[in-house]
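Residue strings, one per chain:
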Amino acid sequence: MKKLLLILALVQAGSTWAQDAKTAAPKLYRAVPEKINNLIHTKLNASFDYSKSRLNGNVWITLKPHFYATDSLQLDAKGMDIKQVALVKAGKNVPLKYQYDGWVLRINLDKSYTRSESYTVYIDYVAKPDELEVKGSAAITDAKGLYFINPTGEEKNKPTQIWTQGETEATSVWVPTIDKTNQKTTQEFNLTVPDKYVTLSNGKLVKQTKNNNGTRTDSWKMDLPHAPYLFFMGVGEYAVVKDQYKGKEVSYYVEKPYEKVARKIFGNTPEMMQFFSNKLGVEYPWVKYSQITGRDYVSGAMENTTATLHQESAQQDARELTDGNSWEGTVAHELFHHWFGDYVTAESWSNLTVNESFADYSEYLWAEYKFGKDEAAYINWSAMNGYLNSRGDASKHLVRFYYDSQEDMFDAVSYSKGGRILNMLRHYVGDDAFFKSLNKYLTDNKFGTGSAHKLRMAFEAVTGKDLNWFFNQWYFNSGHPNLTISQSYDAATQKAMVVIKQTQTNQLFQLPISIDVYNGSKKERHQVWAKHAADTFYFSSASKPDLINVDADKVLLAEKKESKSLEEYSHQFKYGGHYLDRREAIDNASKKITDPAAYAIVAAGLKDPYFRIRLKSLGSFGNAKLDPSTLALVENLAKNDPSKLVRADAIAMLGKLKNAAYASQFEQYINDSSYSVAGAALTALNDLDGKKAYAIANQLTKSPAKGRLSTAISSVIIANGDESAYEYIIDNFNQMPLSQAKFSSLSALVEFLAKVNDPAKFKAGVDAVVAFRNEIPGPARPQTDPVINNVLLKGLATKKEAAGAQALADYVKEKMKN
């Protein structure tokens, strides 16, 4: 599962999808689910009632007692109409007695079965997902399992689709099963759908049968066992773009307008399959690999075995893709799950880390291989920063046997923190041992279950090291080090001294640390261990070092406080080599930008070979006046940089200068193929000539626009236009998926609504804001609601009151309450 994180720019304090650290700890121990019966095979015949959003199902489930003999079976079956329960015996259905409470189906078998005996139960049922009240999580915003999208075709601009989301335990909303991670089953799904639609499910499409009533039955067969939460059905009008990997089908199901760019979005998949297979020493184990997009999807993406589902944001048009494929990491993340999650599955939600931490880290591995160490380092920093800023998560163990709901496990600890822990473990044992250990873990537990303990034992078997200390502090404890680092030099003894203090309160960490001591371009590496509240290290040096770089490879998951001079940061920028060496130097220099030495560091970043450092420098000059050489660099970046994102930020920087000499260039850049470049140029032109920018923006509304250009068009029209632009503004907002961009656009939308006097339009606009507010996942609402209600909507009501439109102000106030 790839989380859909709404990182709120206006909400800096508090947790990202996290419970408050002060909340009382859950007291119920979450054991690995007991196995009384084991799933063996699941055969499903399914057809769909689009008018009622229901599934008509017949399922045959083959099972065996796990160890002890049993005369009963308990299945998860949420919110269904159960029509018949029977035992299949000699080809006939023999009715069985059962009890059903709307959630669990308890079946009395015809006799007591031993572990050497298998049996098959048959169930005729109707699944009614839209009539079931369930609760989602931060990562998965809803949990009704089966989703009918625009089933009757009433929404003109939305396709009709069906898709499923099983994780965590929602497969049992649409098919009775034992909905636990430690169950594995093969399957046959026969899906009957209108003939105009294509289908996708787990395994291989083995047969298609056209029926006499305009429907078709597609038969999908999965010969290898996997967990029920990974079951998948997808139905809709899609273009299917086919690729291959070593003779296995690789396919991309996209809406038809995206058929020509499908390979630009997903086309690196075969290379990823080869890369991950080689790294792990375990060949991609499944019969095929397909990826499909789904409208209104409740998360980012989901690793259904052989049939990954992506939210609609994956579908980027050709202009968006000129900025780079924003979905590349997600493609890697879900594919890697086919080893960590699908092939070897967490034995319980408590051990979710052995699924999600690995998938999170795969984004780093792929970036390192495909795009270089700087991009991998950026991904590592970004994920680490996401965890460190989620303050409520610091109190949670990576492996958690106490939680309120399994949905609570999908947080920055299981994802971002876990991925960084794997990076530290790789750094500690070395690449060869790390990947050999992963191979052993996968091989020993294939088609079974995994846990942190099994992972530790695999690493210990390969390396010969006792790693209890590492797993105890990182997997079975909480928090992270808070380090205060100081350094000095004693000329008399020719010794450099480094003091590392751990100031966190929950535990002391054992930390292997690399320290580089620089004299000029020459560096000497020292390996040390920090284990105490304060550790002091001495290094011989004939003169004061130009730089002492603690955590030289930037692998520690820690908050660090360190004081260095501008001269040291300048040396770090020039010789450190790591992405964070340069980023940290620019960060610190930006705080002293009026100092020539600081300005020089930031300006040097404009020439960096890595585009994200150039972006960082462009945003770090503050209000400093640019000297001629720097201005020339920025102008060149705006015109010629190979990164469209850098070009856009350079244009935005030039726009802030409000120099009319750039107007013709901005007009030219508005026609760029990149939405980011065009959007930045339109915004820059608006600062110079609002009337001209408004005229161009109105012309641009006649063509599709996304991203930065879409935002710029709306902003320019809002700033310069009137109520006549209402339809464009509202339609544009409503069509945006749940995202940071949509949240960021709220302020401009509310500003525009202050100009709207037509009561019906005004109320519809307020309703759109409220609908978006309510769409945000529940765990984030304590942070987002105050911003939307108490800042934006309250401000709108105040403006309407001041304008004498009390009825409209009252409408806003009423909507703030619900």
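In this report, the structure presented in the accompanying data block is examined. Here the structure is a predicted model, which means the values were calculated and not measured.

Rules and cut-offs
- Residues numbered from 1 in each chain as written.
- Predicted model: local features only at pLDDT ≥ 70, side-chain atom pairs only at ≥ 80, totals over all residues.
- Heavy atoms only, no water.
- Pairing = 2+ DSSP bridges.
- Helix = DSSP H or I, 4+ residues; strand = E, 2+ residues; numbered from the N terminus.
- Salt bridge = Lys/Arg side-chain N within 4 Å of Asp/Glu carboxyl O.
- Buried < 20%, exposed > 50% of the residue type's maximum accessible area, 1.4 Å probe, protein only.
- Axes fitted to C-alpha atoms, helices over the stretch in contact; angles between N-to-C directions.
- 1 Å grid on protein atoms, 1.4 Å probe; cavity = no way out; pocket = protein on both sides within 12 Å on 5 of 7 lines; lining within 4 Å.
- Points joined across faces, edges and corners; volume = space filled by probe spheres on them.
- Nonpolar A, V, L, I, M, F, W, Y, C, P; charged D, E, K, R; others polar.
- Expected span 1.5 Å × (residues − 1).
- Core = buried A, V, L, I, M, F, W, Y, C linked by side-chain atoms within 4.5 Å.
- Contact = heavy atoms within 4.5 Å.

### Quick notes on the pairing of strand β5 (residues 92–95)
Pairing between strand β4 (residues 80–89) and β5: four bridges, direction antiparallel. Residue pairing in the sheet places Ala-86 in a bridge with Pro-95 of β5. Taking the residues that link successive antiparallel strands as the turn, the β4-β5 hairpin has two residues, and the phi of Ala-90 there is positive, at about 55°.

### Regarding the pattern of salt bridges
Going through the model one piece at a time under the given rule, you end up with 47 salt bridges. Ionic pairing is found between Lys-246 and Glu-283, a salt bridge with its closest N-O pair at 3.1 Å. With Lys-246 in the loop between β16 (239–245) and β17 (248–254) and Glu-283 in the loop between α2 (269–280) and β18 (288–294), the pair connects residues that are 37 residues apart, well separated along the chain. Across the pair Arg-426 and Glu-368 runs a salt bridge whose closest N-O atoms are separated by 3.1 Å. One end of the pair, Arg-426, is in helix α7 (residues 413–429); the other, Glu-368, is in helix α5 (residues 353–370), and 58 residues separate them in sequence. Relative accessible area serves as the criterion here: at 6%, Arg-426 is assigned to the buried category. The class of Glu-368 is partly exposed, set by a relative accessible area of 22%. In the salt-bridge network here, residues are joined through shared partners; they are Asp-195, Lys-210, Arg-216 and Asp-218.

### Side note on the sheet that holds strand β13 (residues 204–210)
Paired through their backbone hydrogen bonds, the strands of a sheet run either parallel or antiparallel. Taken together, the eight strands give an open sheet; going across it, the order is β5-β4-β8-β2-β1-β11-β14-β13, and neighbouring strands pair in mixed fashion. At either end of the open sheet lies a strand with only one pairing partner, and these are β5 and β13. Between one strand axis and the next, the sheet turns through 20° on average, direction left out of account. With six bridges connecting them, β13 and strand β14 (residues 215–226) associate as antiparallel partners. Counted as the bridge partner of Leu-205 is Trp-220 from β14.

### Description of the layout of surface pockets
Each pocket or cavity is described by its volume, and for the second largest pocket that value is around 750 Å³. Taken together, 24 residues make up the lining of the second largest pocket; nearest its centre are Trp-381, Asn-385, Lys-560, Glu-584 and Asp-587. Considered class by class, the residues forming the lining of the second largest pocket number eight nonpolar, five polar and eleven charged.

### Quick notes on α7
Taking 1.5 Å as the rise per residue, α7 with 17 residues should run 24 Å; its terminal C-alpha atoms sit 22 Å apart, in good agreement. Counting buried positions over the 17 residues of α7 gives 15, a clear majority of the element. Gly-430 sits one or two positions beyond α7 and adopts a positive phi of about 95°.

### As for the nonpolar core
Membership of the largest hydrophobic core comes to 88 residues, with the highest contact counts inside it found for Phe-276, Trp-339 and Tyr-475. Leaving out residues up to four positions away in the same chain, Tyr-475 has contacts with Thr-353, His-397, Leu-398, Val-399, Ile-421, Leu-422, Ala-452, Leu-455 and Phe-470. Within the second largest apolar cluster, 86 residues are counted, among which are Ile-613, Ala-725, Ala-768 and Val-770.

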